[in-house]
Each structure stands twice: as C-alpha cells, then as structure tokens.
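Each chain, letter by letter, is given below.
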Amino acid sequence: MPRQSSTRPQAPEGVSRNTKASAFCSFVQRYNDLVLQTHDYPDPDAIAAAYGLAALISALGGQAVICYTGSITRAITQEMLSILRIPILPAVCRPGKDSAILVVDGRIQNTNVTKFPAKYVAEIDHHPTKNAQIRVAFRDVRPHYGSASSIVGEYWRDLGLPIPRSVATALAIGLNTDTQRLMRETHIADIEIYSWLFKKVDRTYLQYVLNNNIERADFQYYSRAITSLIVRENFGLADLEELDNPALIAIIGDFLLTAKEIGVMLTLALSENKVMLSLRSEDPEYPVNDISMFITQGIGSAGGHRSMAAGTCPIPEGTDPVSLKKQIIDRYFSCLKTGYGLS
Ligand SMILES: [Mn+2]
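Model, not experiment: these values are computed from the prediction.

Undergrad: How do you make sense of the overall build of the protein when you look at a structure like this?
TA: Looking only at helices and strands, the protein has 11 helices and 11 strands in total. Relative to a compact globule of 343 residues, whose C-alpha radius of gyration would be 20 Å, the protein shows 20 Å and is just as compact. The principal-axis extents of the C-alpha atoms in the protein amount to approximately 60 × 40 × 35 Å. Looking at the 343 residues of the protein, the share that counts as buried comes to 53%. Excluding contacts between residues fewer than 6 apart, the proportion of contacts in the protein whose partners are at least 24 apart in sequence is 62%. Surface summary for the protein: the accessible area is close to 15,500 Å², and the carbon and sulfur share equals 53%. Distance between charge centroids for the protein: 6 Å, based on 34 positive and 35 negative side chains.

As structure tokens, this is what we get:
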C-alpha cells in the first residue's frame with residue numbers, strides 16, 4: 001500500500017480532469033512516496049525527466065527520490081547534476097521491497113531497466129515497444145515524442161504550476177539532447193513545450209551544456225572510430241574496442257552519421273563481458289529498432305526508435321569476442337542484401 005500522508009496532495013484548481021497531467025495528479029494522490037527509476041546508465045533526458053517529476057511530485061505535496069543502475073559516465077552530465085543540484089542517488093542505492101517505483105524514460109519490462117525487488121506502479125516513456133503491457137496504476141507512453149522531458153514539461157505547463165528555473169533548464173537540456181537539437185524524432189509537441197520552457201531557462205547554462213558535450217579524452221575514441229570505419233552502400237560500421245561508456249559510443253555514432261555517405265550507423269564496443277551496440281539511422285527504409293532486434297536475436301537484447309537504438313550481447317564463457325563481433329557485423333550487413341526482410 002502507498003504510504004498515507006495526513007496532507008494528501010491536491011490537484012491545483014482549474015485543472016481539466018481529462019488531461020494526462022490531471023491523471024498524474026490523481027496518481028500522486030494515491031502514491032505520494034515514490035522512487036523514480038531511470039533506465040540504466042541514464043542519459044540527460046532520463047535524468048532531467050526524473051528531476052522534473054521529483055520536483056513536480058514535491059510541488060503536489062508528495063515526495064520522491066531518483067535512482068538508477070549503471071553509472072553516469074559523461075563529465076558534462078555529472079556537472080549538470082551538481083550545478084542544477086539534481087538529487088540523484090548513487091547507483092548503489094537499493095529501494096526497499098515496499099517502495100513504489102515509477103520508471104521514467106523507459107518501460108518497466110525493458111532489459112535496460114534493472115529490476116529492484118520493489119513494486120513497479122507506473123511508467124512514463126517515449127520509446128516504442130513490442131513488449132506486452134503489464135497492469136500499472138499510471139502509464140503515459142507517447143512514442144511519437146522526441147523526449148521524456150517534453151512529457152514532464154507538459155505536466156508543469158498543463159497544471160499551471162510555476163516551474164523552477166533549474167527544472168526548466170534541465171528539461172530543455174534533456175529535450176535537446178534526445179532530439180539532437182530538435183532534428184531527430186521531433187514532434188510538434190516537442191517544439192511547443194520547448195518554446196514554453198525556453199522562456200524560463202537559464203539560457204547561458206543551457207548553451208554551455210549543449211555545446212560542451214565532449215572532452216579531449218574522448219578524441220582517442222573518435223580516432224579509433226575513424227580508423228576502423230567501414231562503409232558499404234550507406235551502412236557504416238565502427239569498432240571502438242574496449243570502452244565502458246554507452247553514452248560516448250552513441251555520441252560517436254551520431255558524429256559518424258553526419259557523414260554524407262552514411263545513412264545507417266552501427267558502432268560497437270567491448271565492455272566487461274559484453275559487446276555493446278549503438279545504432280543510428282537517417283534512412284527511413286532502415287529502422288534501427290528493427291535492425292537492432294534482428295542483429296541481437298538469440299544472442300542478446302536491443303530496442304529503441306526508428307532512428308536510434310542500442311543493444312548488448314553477452315559474450316558466452318569460453319567464446320572469442322571476435323567471433324561474436326563477426327556474427328553481429330555479418331547480420332548487420334545482411335540487412336542491406338535482404339532489403340527490408342526484417343521480422
Ligand atoms: Mn529519452
């Protein structure tokens with residue numbers, strides 16, 4: 001049972017009863033002590049959306065903590081946490097068995113949401129999925145939206161609550177990052193909420209974070225990516241070898257995709273006992289959510305959007321990672337030959 005508080009959160013007056021924002025208010029009236037869990041290795045969108053929700057729940061009279069599994073590997077993301085004072089618990093935090101968890105920027109059933117032995121009661125996400133839906137107390141899934149931050153921004157706007165500057169700034173960073181500065185999977189709703197947020201953000205800090213996404217130490221991996229790059233038709237492939245940093249793998253994939261000759265990009269890296277995959281596509285005939293699932297079928301897991309996806313393939317004991325990588329690469333390029341025979 002959700003913890004009952006003597007001061008039950010109330011929906012602000014004048015809120016239309018049929019919006020998702022008011023449904024979220026009703027949910028917070030029932031569950032006013034929540035754990036907000038992002039997908040593993042949270043990116044700026046996941047962190048910002050969780051932060052925006054935690055502040056909103058608090059404004060509605062409830063309370064929430066943010067937790068995640070994996071690590072936050074980007075220096076700029078770490079800095080965003082400290083400057084905006086985002087209260088995120090370290091990866092070692094473990095919710096208790098009575099905790100009520102809301103998953104944000106991912107789905108409860110995703111493999112990239114490591115489960116805690118607690119009660120999963122809600123999900124807010126913008127990724128498409130083929131997983132069956134489980135029963136939850138609250139669900140807001142908008143696969144056509146470019147970011148989870150956009151959904152959370154709309155809650156603030158639609159509830160008519162004064163959004164703190166740090167929350168607006170974080171949401172604007174998350175929205176920009178996931179939509180590649182409003183150029184990827186961007187819905188008109190993302191633009192509309194961005195225009196609303198933009199009036200309330202710290203513009204200097206927003207610009208600083210968005211323009212300083214990489215560090216000098218990353219350049220060696222750019223170098224590896226460029227050296228290892230193979231291009232067949234419009235399919236690109238790069239192998240970064242050892243790199244335990246899914247965010248950087250994706251950033252480098254985005255960079256290579258900006259080459260005119262490349263329309264689809266697979267970037268690989270080895271991390272601990274797994275091969276990590278990051279996929280990007282700007283060719284509508286090659287949706288990488290389908291390609292990623294085809295590549296990892298029976299040997300790993302994957303998912304994402306038409307234009308961005310990620311996956312992992314564990315290296316079985318005694319197996320040579322080189323042969324696993326070869327299998328992944330062969331499957332990837334076979335997508336070209338088979339046309340769109342992805343099932
Ligand atoms: Mn996202």
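Undergrad: Before we go on, may I ask you to explain the packing of aromatic side chains in this structure?
TA: How two aromatic rings sit relative to each other is set out by the distance from centre to centre and by the angle between their planes. Taken as a whole and judged by the stated rule, the model has 12 aromatic pairs. When the centroid spacing of 5.7 Å and the interplanar angle of 50° are considered together, the rings of Y194 and F198 count as tilted. Of this pair, Y194 and F198 are both found in helix 6 (residues 188-198), 4 residues apart, which corresponds to roughly one turn of the helix. Since its relative accessible area comes to 14%, Y194 is described here as buried. Measuring from ring centre to ring centre gives 6.0 Å for Y205 and Y208, while their planes differ by 35°; the resulting arrangement is tilted. In this pair, Y205 and Y208 both sit in helix 7 (residues 203-210), 3 residues apart, roughly one turn of the helix. Take Y205: its relative accessible area is 9%, and that puts it in the buried class. Using a relative accessible area of 36% as the deciding quantity, one classes Y208 as partly exposed.

Undergrad: Looking at this model, I keep getting lost on the coordination of the manganese ion. Mind explaining?
TA: Octahedral six-donor coordination of a metal ideally yields angles of 90 or 180 degrees, compared with 109.5 degrees for tetrahedral four-donor coordination. In the first shell of the manganese ion, the protein supplies D45 (OD), D105 (OD), H126 (NE2) and D178 (OD), at 2.1 to 2.4 Å from the metal. Taken in chain order, the donor set of the manganese ion reads D-x59-D-x20-H-x51-D. Separated by 52 residues along the polypeptide, H126 in the loop between strand 4 (119-125) and strand 5 (138-141) and D178 in helix 5 (residues 165-178) bring together distant segments of the chain. The pair H126 / D178 is uniform in exposure class, with both members buried.

Undergrad: Would you explain the packing of helix 5 against helix 7 in this entry?
TA: Two measures define how a pair of helices packs: the angle their axes make with one another and the distance between the axes. Contact pair helix 5 / helix 7: the axes reach a minimum separation of 10 Å and the direction vectors enclose 35°. Relative to helix 7, the crossing made by helix 5 is right-handed. Facing helix 5, whose interface residues are T169, A172, I173, N176 and T177, helix 7 presents Y205, L206, V209 and L210. Tallied by class, the residues present in the contact of helix 5 with helix 7 amount to 6 nonpolar, 3 polar and no charged.

Undergrad: What should I look at first to understand the confidence of the model for the protein in this one?
TA: The predicted coordinates ought not to be read in detail in places where the model reports low pLDDT. Per-residue pLDDT for the protein has a mean of 91; in total, 92% of the residues score no lower than 70. Note on residues 1-8: pLDDT under 50 across the span, and 9 contacts to partners over four residues away in sequence or across chains.

Undergrad: Any chance you could explain the packing of helix 10 (residues 288-296) against helix 11 (residues 321-337) here in plain terms?
TA: At a minimum axis separation of 9 Å, helix 10 and helix 11 run at an interaxial angle of 140°. In terms of axis orientation, helix 10 runs oblique to helix 11. Between helix 10 and helix 11 lies a crossing whose hand is right-handed. Across the interface between the two elements, I291, F294, I295 and T296 of helix 10 pack against I328, R331, Y332, S334 and C335 of helix 11.

Undergrad: Is there a simple way to think about the sheet that holds strand 3 (residues 100-104) in this case?
TA: Sheet strands pair via backbone hydrogen bonds, and the direction of the pair is either parallel or antiparallel. Spatial strand order, 2-1-3-4-5: 5 strands in an open sheet with parallel pairing. Two strands bound the open sheet, and with one partner strand each, they are strand 2 (63-67) and strand 5. Recorded for the sheet is a direction-independent mean angle of 25° between the axes of neighbouring strands. Looking at chain direction, strand 4 and strand 5 are connected through 4 bridges and run parallel. The partner of E123 across the bridge, within strand 5, is R139. Most of the contacts of helix 1 (residues 20-30) go to strand 5, to which it runs at about 150°, and overall it touches strand 1 (33-38), strand 3, strand 4 and strand 5.

Undergrad: What is the right way to look at the environment of E285 in this model?
TA: One can find E285 in the loop between strand 9 (274-281) and helix 10. For E285, a relative accessible area of 45% gives the class partly exposed. The spacing of E285 and G263 is 22 residues in sequence and 10.0 Å in space, taken between C-alpha atoms.

Undergrad: So what exactly am I meant to see when it comes to unusual backbone geometry here?
TA: The phi angle of most residues is negative, glycine excepted, and most peptide bonds adopt the trans form. Even without a glycine there, the phi angle at Y41 is positive, about 50°. With respect to the helices and strands, the residue Y41 is situated in the loop between strand 1 and helix 2 (44-59). Accessibility expressed as a relative area gives 27% for Y41, which makes it partly exposed.

Reading the values: rules and limits
- Residues numbered from 1 in each chain as written.
- Predicted model: local features only at pLDDT ≥ 70, side-chain atom pairs only at ≥ 80, totals over all residues.
- Heavy atoms only, no water.
- Helix = DSSP H or I, 4+ residues; strand = E, 2+ residues; numbered from the N terminus.
- Rg over C-alpha atoms; globule rule 2.2 N^0.38 Å.
- Buried < 20%, exposed > 50% of the residue type's maximum accessible area, 1.4 Å probe, protein only.
- Contact = heavy atoms within 4.5 Å.
- Areas by Shrake-Rupley, 256 points an atom, 1.4 Å probe, with all protein chains shown as cover.
- Lys, Arg positive; Asp, Glu negative; His and termini not counted.
- Charge placed at Lys NZ, Arg CZ, Asp CG, Glu CD.
- Phe/Tyr/Trp six-rings, centres within 6.5 Å; stacked < 30°, edge-to-face > 60°.
- Donors = N, O, S within 2.8 Å, 3.2 Å for Na, K, Ca; no water.
- Axes fitted to C-alpha atoms, helices over the stretch in contact; angles between N-to-C directions.
- Left-handed = near helix turned anticlockwise from the far one by under 90°.
- Nonpolar A, V, L, I, M, F, W, Y, C, P; charged D, E, K, R; others polar.
- pLDDT = per-residue confidence, 0-100.
- Parallel < 35°, antiparallel > 145°, perpendicular 65-115°, else oblique.
- Pairing = 2+ DSSP bridges.

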